[in-house]
Amino acid sequence: MNETLSVIKNRRSIKSFKPEQIKDTELEAILEAGTYAPSASNQQSWHFTVVQNERLINQLSEAIKKVYAMMPIAFLDQMKNDKKAQFLQKIGNNEKVHLFHNAPTIVVISGDKTEMYTAENCSLAAGNMMNAANSLDVGSCWVSGLPQLIDADPDNQFIKELNLPEGYKPVCVILLGYRSGADTKASERRKNLVNYVK
Ligand SMILES: Cc1cc2nc3c(=O)[nH]c(=O)nc-3n(C[C@H](O)[C@H](O)[C@H](O)COP(=O)(O)O)c2cc1C
């Protein structure tokens, strides 16, 4: 197997990190990989906010948990699935949960709200970044919740601290840090996903 396929196949979502910060050179290479993602009409409609402030990371985690704890009341119309709402409620009410798994770096990927394929563009940038991180032995994980916090509490003071560019909205957060603990194995891949038409 070539190196690229091996990096893609052995990337895992890392949910336990060492407190040690990643190197700036690694961070820059990961961010640059994000900018090389394809984008609709070459919009490149993403913005990356790197947060390495432990206090703010913790406060954002707590603020999102409060929104989750209100589920499904806050998002009754958006929650198509009651079980998912209950799952998020449990997370929100669990004191032990840190939504960002105590990662030393989080990257907020925001997209230009006026562009049609912003979520797709940002998601592809996120994928590039996670694979690039793995190639450098840096652990990564996509974490949801920040878009919901903005929807529920647009004037949230911690969101304001992120200083996002005008007209941009977070799509996801990518955690970065050195993995602590043993390697995790990929779960079984689902079968029968492909049909061929020749
Ligand atoms: C759209 C999306 C949302 C996710 N949200 C979270 C999240 O909020 N918290 C978290 O710990 N992991 C989150 N993950 C990571 C998944 O749990 C992980 O990708 C999945 O379990 C498969 O594991 P793997 O990435 O190691 O293959 C998310 C992944 C995606 C693609």
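Here the structure is a predicted model, which means the values were calculated and not measured.

Undergrad: Sorry if this is basic, but what is going on with the state of the cysteines here?
TA: Disulfides are covalent bonds that link the sulfur atoms of two cysteine residues. On inspection of all chains with the given rule, the structure shows 0 disulfides. In this model Cys-172 remains outside any disulfide bridge; the closest cysteine sulfur is found in Cys-122, 7.0 Å from its own.

Undergrad: I would appreciate a short explanation of the site of the ligand in the present structure.
TA: Around the ligand, the surrounding shell consists of Arg-11, Arg-12, Ser-13, Lys-15, His-101, Cys-141, Trp-142, Val-143 and Ser-144. At 2.9 Å, a side-chain N or O of Arg-11 approaches an oxygen atom of the ligand. Contact distances for the ligand include 3.1 Å between a nitrogen atom and a backbone N or O atom of Trp-142. Protein burial of the ligand: of its 620 Å² of free accessible surface, 56% is covered by the chains. Considering only residue class, the shell around the ligand consists of 3 nonpolar, 3 polar and 3 charged.

Undergrad: Help me out: how do you make sense of the side chain of Arg-12 in this one?
TA: Within the secondary structure layout, Arg-12 lies in the loop between helix 1 (3-10) and helix 2 (24-35). Of the buried charged residues, Arg-12 lacks a salt bridge, with Asp-183 as the closest side chain of opposite charge at 9.8 Å. Aside from chain neighbours lying at most four places away, what touches Arg-12 is Ser-140, Thr-184, Lys-185, Ala-186 and Arg-189.

Undergrad: Teacher, can you tell me more about the sheet that holds strand 1 (residues 46-51) here?
TA: Backbone hydrogen bonds are what pair the strands of a sheet, in a parallel or an antiparallel way. An order of 1-2-4-3 is seen for the 4 strands of this open sheet, with the pairing classed as antiparallel. Two strands bound the open sheet, and with one partner strand each, they are strand 1 and strand 3 (139-143). On average, each strand axis in the sheet is tilted by 25 degrees relative to the strand beside it, whichever way the strands run. Pairing geometry for strand 2 (residues 105-112) and strand 4 (residues 168-177), over 8 bridges, is antiparallel. Paired with Ile-109 across the two strands is Cys-172, which belongs to strand 4. In the packing of helix 2 onto the sheet, contacts are made with strand 1, strand 2 and strand 4, and the angle to strand 1 comes to roughly 160 degrees.

Undergrad: Explain the packing of helix 2 against helix 5 (residues 118-135) here, please?
TA: Relative placement of two packed helices is described by the angle separating their axes and the distance separating the axes. Put simply, helix 2 and helix 5 touch, their axes get as near as 7 Å, and they point 145 degrees apart. The handedness of the crossing between helix 2 and helix 5 is right-handed. Residues Ile-30, Leu-31, Ala-33 and Gly-34 of helix 2 form the contact with helix 5, whose participating residues are Ala-125, Asn-128, Met-129, Ala-132 and Ala-133. Here the residues of the contact of helix 2 with helix 5 are counted per class, giving 7 nonpolar, 2 polar and no charged.

Undergrad: Please clarify how helix 2 should be interpreted in this entry.
TA: Side chains three or four residues apart in an α-helix point the same way, a direct result of the helix having 3.6 residues per turn. Over its 12 residues, helix 2 extends 17 Å from the first C-alpha to the last, a length consistent with the 16 Å expected when each residue adds 1.5 Å. Considering only its buried residues, helix 2 is in contact with strand 1, strand 2, helix 5 and strand 4.

Undergrad: Can you walk me through the packing of aromatic side chains in this structure?
TA: How two aromatic rings sit relative to each other is set out by the distance from centre to centre and by the angle between their planes. Throughout the structure, instances matching the rule amount to 1 aromatic pair. Seen in terms of ring centroids, Trp-46 and Phe-48 are 6.5 Å apart; in terms of plane orientation they differ by 15 degrees. Their pairing is stacked. Both residues of the pair, Trp-46 and Phe-48, belong to the buried class.

Thresholds, definitions, all that
- Residues numbered from 1 in each chain as written.
- Predicted model: local features only at pLDDT ≥ 70, side-chain atom pairs only at ≥ 80, totals over all residues.
- Heavy atoms only, no water.
- Disulfide = S-S within 2.5 Å.
- Near = heavy atom within 4 Å.
- Polar contact = N/O pair within 3.5 Å; in protein donor to acceptor, adjacent residues only side chain to side chain.
- Areas by Shrake-Rupley, 256 points an atom, 1.4 Å probe, with all protein chains shown as cover.
- Nonpolar A, V, L, I, M, F, W, Y, C, P; charged D, E, K, R; others polar.
- Helix = DSSP H or I, 4+ residues; strand = E, 2+ residues; numbered from the N terminus.
- Buried < 20%, exposed > 50% of the residue type's maximum accessible area, 1.4 Å probe, protein only.
- Lys, Arg positive; Asp, Glu negative; His and termini not counted.
- Salt bridge = Lys/Arg side-chain N within 4 Å of Asp/Glu carboxyl O.
- Contact = heavy atoms within 4.5 Å.
- Pairing = 2+ DSSP bridges.
- Axes fitted to C-alpha atoms, helices over the stretch in contact; angles between N-to-C directions.
- Left-handed = near helix turned anticlockwise from the far one by under 90°.
- Expected span 1.5 Å × (residues − 1).
- Phe/Tyr/Trp six-rings, centres within 6.5 Å; stacked < 30°, edge-to-face > 60°.

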